[in-house]
Protein chains: 2
Amino acid sequence: MNNKDFRILLVDDEPDILEFIAYNITKEGFEVCTAQNGKEAIDVAKKVNPHLILLDVMMPEMDGIETCEILRQEEDLKDTIIAFLTARGEDYSQIAGFDAGGDDYITKPVKPKVLLSRIKALLKRFRASNEDEKSEGLVIKQSDLVIDKEKYIVTKSDKELILPKKEFELLLLLITKPDKVFTRDEIFNAVWGENIVVGDRTIDVHIRKLREKIGDNHIKTIKGVGYKFVN
Amino acid sequence: MNNKDFRILLVDDEPDILEFIAYNITKEGFEVCTAQNGKEAIDVAKKVNPHLILLDVMMPEMDGIETCEILRQEEDLKDTIIAFLTARGEDYSQIAGFDAGGDDYITKPVKPKVLLSRIKALLKRFRASNEDEKSEGLVIKQSDLVIDKEKYIVTKSDKELILPKKEFELLLLLITKPDKVFTRDEIFNAVWGENIVVGDRTIDVHIRKLREKIGDNHIKTIKGVGYKFVN
DNA sequence: AATCAATATTAAGATAAAGTTAAGTTTTTT
DNA sequence: AAAAAACTTAACTTTATCTTAATATTGATT
C-alpha cells in the first residue's frame, strides 16, 4: 500500500494552518482533503471515507471532540483513525479526546517532519490491523479456546466466558501470536494505549483474572521479559 | 534494541531535579548522563551523542532555547530528539522551543510514570527508523541450537530449554558471532549495561549454568581474554 | 614442578519481579 | 440515584533469578 492510497482528511478552522499542513502532507504523496468546521468534516468524511482524520480540537460551533463523537457513530468510519490537533497546554482536551474515540493527539505548533512521522506511525497501525483482519478473520482458535472478535466472546471448551474489555483485549493480543513473548511495554501500548499511565501491578491483576478464567497453564510468565500464550 | 542502548542527556540547573529525574530514568535501564548548564550540555552531547536530550528551558546564562539552537547546528546530532522541560505556564518558551528545533516539550512538575511514558513514545520514533531489527530474522541457528528471540526459547536438538533472561542474553551475544572471543568487559556492557557493577564471579556462574544446559563443548574459555561460542 | 592469577564450582543469601488480595475508584447499567 | 461491574491501586507475599562468597581447580609462566 502506497502513500497515495491513503486518504487524509484535515480539519481546522484556520485557513493558514489548513494550507500549511495540507501542503506538507500532499508533498509526501498522500491524498488530502480539507474541511473548515465540524459539520463540513462529517459530510466530507462520509463521502471520501478517509483512512485518517486530523481534527483540530478548538473550532467554533462544533468542536473537535464533539465532531469526533459523531464521526465515531458512523459505521463506515469505524476503521478510520482520528488524531486530534491541540494547542499546547490544553491538557483537558487530550484526555477528553481519547474518551471521544480519538487514537492520538498532536500538539500544535508541530514541525512538518514530526507531523509526517506521526502520520506514518498512525497509518502503519492501519496497515497492520488491516492485514490481520484479512488473514485471520474474526474468529481465532487456539487449543481449547475460541475467540470471536466481533461478538466479544471467548469460548473455552464449549463454555462461554464473558471477559471484560481489558481482559479480552489482553487475551486477544497474546493469542494472536502464540508463544511470542510480549513485553509489558508492548502490552501497555496495545491494550491501554501510549498515553495512558497506569501502575505496575495493573497488568498482573488482569493476567491473574484471565488465568482464573481460561486456566493457569495458558499464560506463561517470562520473568524480566514479559508474558506469552502457550497451548 | 533495549532500553540500555538508549542514551539520554538530561540538562537542568537545579541539582535536585537533575537527581530526581536521573534516578527515575536510570531505574528503567536507560543510560543517563547529565549537565547543569547549556555549555556543559553541548560538550557532553558532542561526546556521547545521545538519542534524546531533555533540556530545561529556564537556565541561567545560556537558556534551553539557545542551547537547542546550537545543538541543532551539530551535524552528528541531527537525529537526536530534543525535548524541552518547562515549568507550567511558560507559554512563550513552548512556542519558541519549536522554532529552535525542539521535538516535544514536557511540563514540570512531571510524575515519573508520565515522564517515562513520554520518553518511550519519543524513543519509539527512533526504534521505528532503526527497524532492521525486525527484518533481521528472529531465529538464529548454530550447530544443534536454535534460538528464537521472539519466543525467548532455545531449542537444543528438538528439546526446548527455558533460559532465564541473563543466560539467554549471554548466549545470544556469544552466538551472534561464533568463534569471536568476547572479553569480560564486552559481555558486561552488552548483557548488564555500562553502569551496572557486579562482582567478578557473576559472569562465571552464568557461563556455568549455560554450559549445564547447552552442553560443555559449546562455550570455550580463553583464559585471560574471555569466552567464545564454538560449534 | 612450584607458583599464582584466572576461572570453575557450589550453595547460600539477596534482590527485583511477579503474584495475590482487598479495598478504593471509576464507569456502566438498571 | 442506586447498584453492579470493571478497572486501578496499594500493601503485602512469594518466587525465580541473580549475585556473592568461600573454596577448588586449572593452566600459563618461571
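These figures come from a predicted structure and were not determined experimentally. (Residues numbered from 1 in each chain as written. Chains lettered and ligands numbered in written order. Predicted model: local features only at pLDDT ≥ 70, side-chain atom pairs only at ≥ 80, totals over all residues. Heavy atoms only, no water.)

## Topic: the pairing of strand E1 (residues 7-11) of chain B
All names here are of chain B.
So, point 1. Counting buried positions over the 5 residues of E1 gives 4, a clear majority of the element.
So, point 2. Where E1 lies against strand E2 (residues 31-35), 5 bridges are found, and the strand directions are parallel. The residue bridging Leu10 from the neighbouring strand is Thr34, located in E2.
So, point 3. The parallel pair E1 and E2 is bridged by helix H1 (residues 15-27), and the resulting crossover is right-handed.
So, point 4. Pairing geometry for E1 and strand E3 (residues 52-56), over 4 bridges, is parallel. (Buried < 20%, exposed > 50% of the residue type's maximum accessible area, 1.4 Å probe, protein only. Helix = DSSP H or I, 4+ residues; strand = E, 2+ residues; numbered from the N terminus. Pairing = 2+ DSSP bridges. Right-handed = clockwise from strand over helix to strand, strands pointing away.)

## Thoughts on the sheet that holds strand E8 (residues 153-156) of chain B
Residue and element names in this part refer to chain B.
So, point 1. An order of E6-E7-E8-E9 is seen for the 4 strands of this open sheet, with the pairing classed as antiparallel. Edge positions in the sheet fall to strand E6 (139-142) and strand E9 (159-161), since each has one partner strand and no second. Strand-to-strand twist in this sheet, taken as the mean axis angle between neighbours without regard to direction, amounts to 20 degrees.
So, point 2. Pairing between E8 and E9: 3 bridges, direction antiparallel. Bridge pairing in E9 links Lys156 to Lys159.
So, point 3. Of the strands in this sheet, E6, strand E7 (145-148) and E8 touch helix H7 (residues 165-176), which is tilted by about 115 degrees from E7. (Axes fitted to C-alpha atoms, helices over the stretch in contact; angles between N-to-C directions. Contact = heavy atoms within 4.5 Å.)

## As for the protein's contact with DNA strand D
So, point 1. Of all residues adjacent to DNA strand D, which total 24 residues, the nearest are Pro164 and Gly199 of chain A together with Lys166, Gly199 and Lys223 of chain B.
So, point 2. By atom count, sugar and phosphate contribute 70% of the portion of DNA strand D lying within 4 Å of the protein.
So, point 3. Contacts to DNA strand D include Lys223 of chain A, whose side-chain N or O atom sits 2.8 Å from a base oxygen.
So, point 4. Here a phosphate oxygen of DNA strand D sits 2.7 Å away from a polar atom, N or O, in the main chain of Lys166 of chain B. (Near = heavy atom within 4 Å. Polar contact = N/O pair within 3.5 Å; in protein donor to acceptor, adjacent residues only side chain to side chain.)

## With respect to the pattern of salt bridges
Once the charged atoms of two side chains with opposite charge are near each other, the side chains can pair.
So, point 1. Summed over the entire model, instances satisfying the criterion amount to 17 salt bridges over all chains.
So, point 2. One salt bridge connects Asp185 of chain A with Lys120 of chain B, and the closest N-O pair in it is separated by 3.2 Å. Placement of the pair is Asp185 of chain A in helix H7 (residues 184-192) and Lys120 of chain B in helix H5 (residues 112-129), with the two residues belonging to separate chains.
So, point 3. According to the relative accessible area criterion, Lys120 of chain B is partly exposed, its value standing at 21%.
So, point 4. The network of salt bridges with common partners includes Arg184, Arg201 and Asp204 of chain A. (Salt bridge = Lys/Arg side-chain N within 4 Å of Asp/Glu carboxyl O.)

## Some words on the nonpolar core
So, point 1. Ile147, Val154, Leu171, Leu174, Ile187 and Ile214 of chain B are the most contacted members of the largest nonpolar core, which has 29 residues in total.
So, point 2. Listed by contribution, the elements that provide at least two residues to this core are E7, H7, helix H8 (184-192), helix H9 (201-214) and strand E12 (226-229) of chain B.
So, point 3. Within the second largest apolar cluster, 25 residues are counted, among which are Val154, Leu172, Leu173 and Trp192 of chain A. (Core = buried A, V, L, I, M, F, W, Y, C linked by side-chain atoms within 4.5 Å.)

## Section: H7 of chain A
Residue and element names in this part refer to chain A.
So, point 1. All of the buried residues along H7 are Ile187, Phe188, Val191 and Trp192. Burial along H7 is one-sided: seen end-on, the buried residues are contained in an arc of 100 degrees.
So, point 2. In this structure, the buried residues of H7 make contact with helix H6 (165-176), strand E10 (182-183), helix H8 (202-214) and strand E12 (226-229).
So, point 3. A positive phi of about 100 degrees marks Gly193, the residue just after H7. (Arc of directions from axis to C-beta.)

## Structural notes on the packing of H7 of chain A against H8 of chain A
Residues and elements named next belong to chain A.
So, point 1. Look at H7 against H8: their axes get within 11 Å of each other, and the N-to-C directions meet at 80 degrees. Our classification of the angle between H7 and H8 gives roughly perpendicular. From H7, Arg184, Ile187, Phe188 and Trp192 reach across to H8, where they touch Thr202, Ile203, Asp204 and His206.
So, point 2. Class assignment for the residues of the contact of H7 with H8 results in 4 nonpolar, 2 polar and 2 charged. (Parallel < 35°, antiparallel > 145°, perpendicular 65-115°, else oblique. Nonpolar A, V, L, I, M, F, W, Y, C, P; charged D, E, K, R; others polar.)

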